[in-house]
Amino acid sequence: WKELCFLIMMQSSAHQKELLSLRTEKLNFSGAFPYIEISRTLEDNKIVDTVKTDSRERIIPIVYNLERIEELIAELQDGRYVFGSTREKESSNLNNQLNNTLKSLLPPDSHGKVTTYGFRHSFKERCNRANINPQLTYMLGGWSGLNSIAEGYGSAADYAEELFLASQAINRALIEKRVN
């Protein structure tokens, strides 16, 4: 489950709580532009999935290691939720496990205040470095503000190709094979 979280977190702005509530019905890997949908779900007139604000509902293209992500989902899912029974564990425990695993992957001198939530902040920085249209950045990250694209057309899915190409640019370092 940790590997799956990291694979999605490092190429998106999603955080652990959003991922653990991710339903299998919100995966779209069959088209030309594979993505996950982070959004609320209404069940018996109650919201059952967690996003912090309305603007956090978003489409996140998957541009890196899709095959491995699909393998991990096949192992973990319980039919309804991508992370299956993992999601039933205490959120703070899961968050600590992810943070400790992240620190174990980094040199000790770089630990400082490193947490998995930093993926969300580094995502925005990578958007800036890749010169991504700020409106697309806000749509991909679920930040409030420059959302005229989403407001004008009502669905990020209308921009699947544009979001996918932006995600490729943002995650170029993950996608390109490095020659040593």
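Presented here is a report on the structure given in the accompanying data block. (Residues numbered from 1 in each chain as written. Predicted model: local features only at pLDDT ≥ 70, side-chain atom pairs only at ≥ 80, totals over all residues. Heavy atoms only, no water.)

1. Re the overall build of the protein chain
In terms of helices and strands, the protein chain carries nine helices and five strands. Mapped in sequence order, the helices and strands of the protein chain form the string α-α-β-β-β-β-β-α-α-α-α-α-α-α. Counting over 180 residues, the protein chain shows a buried share of 43%. A sequence separation of at least 24 residues applies to 61% of the contacts in the protein chain between residues at least 6 apart. Here the protein chain has roughly 9900 Å² of accessible surface; of this, 47% comes from carbon and sulfur atoms. (Helix = DSSP H or I, 4+ residues; strand = E, 2+ residues; numbered from the N terminus. Buried < 20%, exposed > 50% of the residue type's maximum accessible area, 1.4 Å probe, protein only. Contact = heavy atoms within 4.5 Å. Areas by Shrake-Rupley, 256 points an atom, 1.4 Å probe, with all protein chains shown as cover.)

2. Focus on the nonpolar core
Of all hydrophobic cores here, the largest spans 26 residues; its most connected members are L4, C5, I8, L19, I36, I69 and F83. Those elements that place two or more of their residues in this core are α1 (2-9), α2 (16-20), β2 (35-38), α3 (66-76) and α4 (91-105). (Core = buried A, V, L, I, M, F, W, Y, C linked by side-chain atoms within 4.5 Å.)

3. So, the pairing of strand β5 (residues 58-61)
Burial along β5 is two-sided: R58 and I60 facing one way and I59 and P61 facing the other are all buried. Inspection of the sheet shows β2 paired to β5 by four bridges, in the antiparallel sense. Looking at β5, one finds that Y35 is bridged to P61. (Pairing = 2+ DSSP bridges.)

4. Some thoughts on the sheet that holds strand β1 (residues 27-28)
Taken together, the three strands give an open sheet; going across it, the order is β1-β2-β5, and neighbouring strands pair in antiparallel fashion. The open sheet has two edge strands, β1 and β5, and neither has a second partner.

5. A short note on helix α5 (residues 118-129)
If you check α5, its first and last C-alpha atoms are 16 Å apart, about what twelve residues at 1.5 Å a residue would give, namely 16 Å. The complete set of buried residues in α5 reads F119, R120, F123, R126 and C127. Looking straight down α5, one finds its buried side chains confined to an arc of 120°; they lie on one side. Opposite the buried face of α5, by more than 90 degrees, sit the exposed residues H121 and R129. Positive phi appears at N131, one or two residues downstream of α5, with a value of about 55°. (Expected span 1.5 Å × (residues − 1). Arc of directions from axis to C-beta.)

6. Some remarks on the packing of aromatic side chains
Inspection of the entire model under this criterion finds three aromatic pairs. Taken together, a centroid distance of 6.4 Å and an interplanar angle of 25° make the contact between F123 and W143 stacked. With F123 in helix α5 and W143 in the loop between α6 (134-141) and α7 (148-153), this residue pair connects regions lying 20 residues apart in the sequence. Across the pair, exposure class does not vary: F123 and W143 are buried alike. Between R87 and the ring centre of Y81, over which it is positioned, the NZ or CZ distance is 3.6 Å. (Phe/Tyr/Trp six-rings, centres within 6.5 Å; stacked < 30°, edge-to-face > 60°. Lys NZ or Arg CZ within 6 Å of the ring centre and 35° of its normal.)

7. A short note on the pattern of salt bridges
Scanning the entire structure with this criterion turns up four salt bridges. Its salt-bridge partner being E3, residue R68 comes within 2.8 Å of it at the nearest N-O pair. Pair noted here: R68 is in helix α3 and E3 is in helix α1, with a separation of 65 residues, a long-range link. With its nearest N and O atoms 2.9 Å apart, the salt bridge here joins E71 to R68. With E71 and R68 both in helix α3 and three residues apart, this pair spans about one turn of that helix. Residue E71 is classed as partly exposed on the basis of its relative accessible area of 42%. (Salt bridge = Lys/Arg side-chain N within 4 Å of Asp/Glu carboxyl O.)

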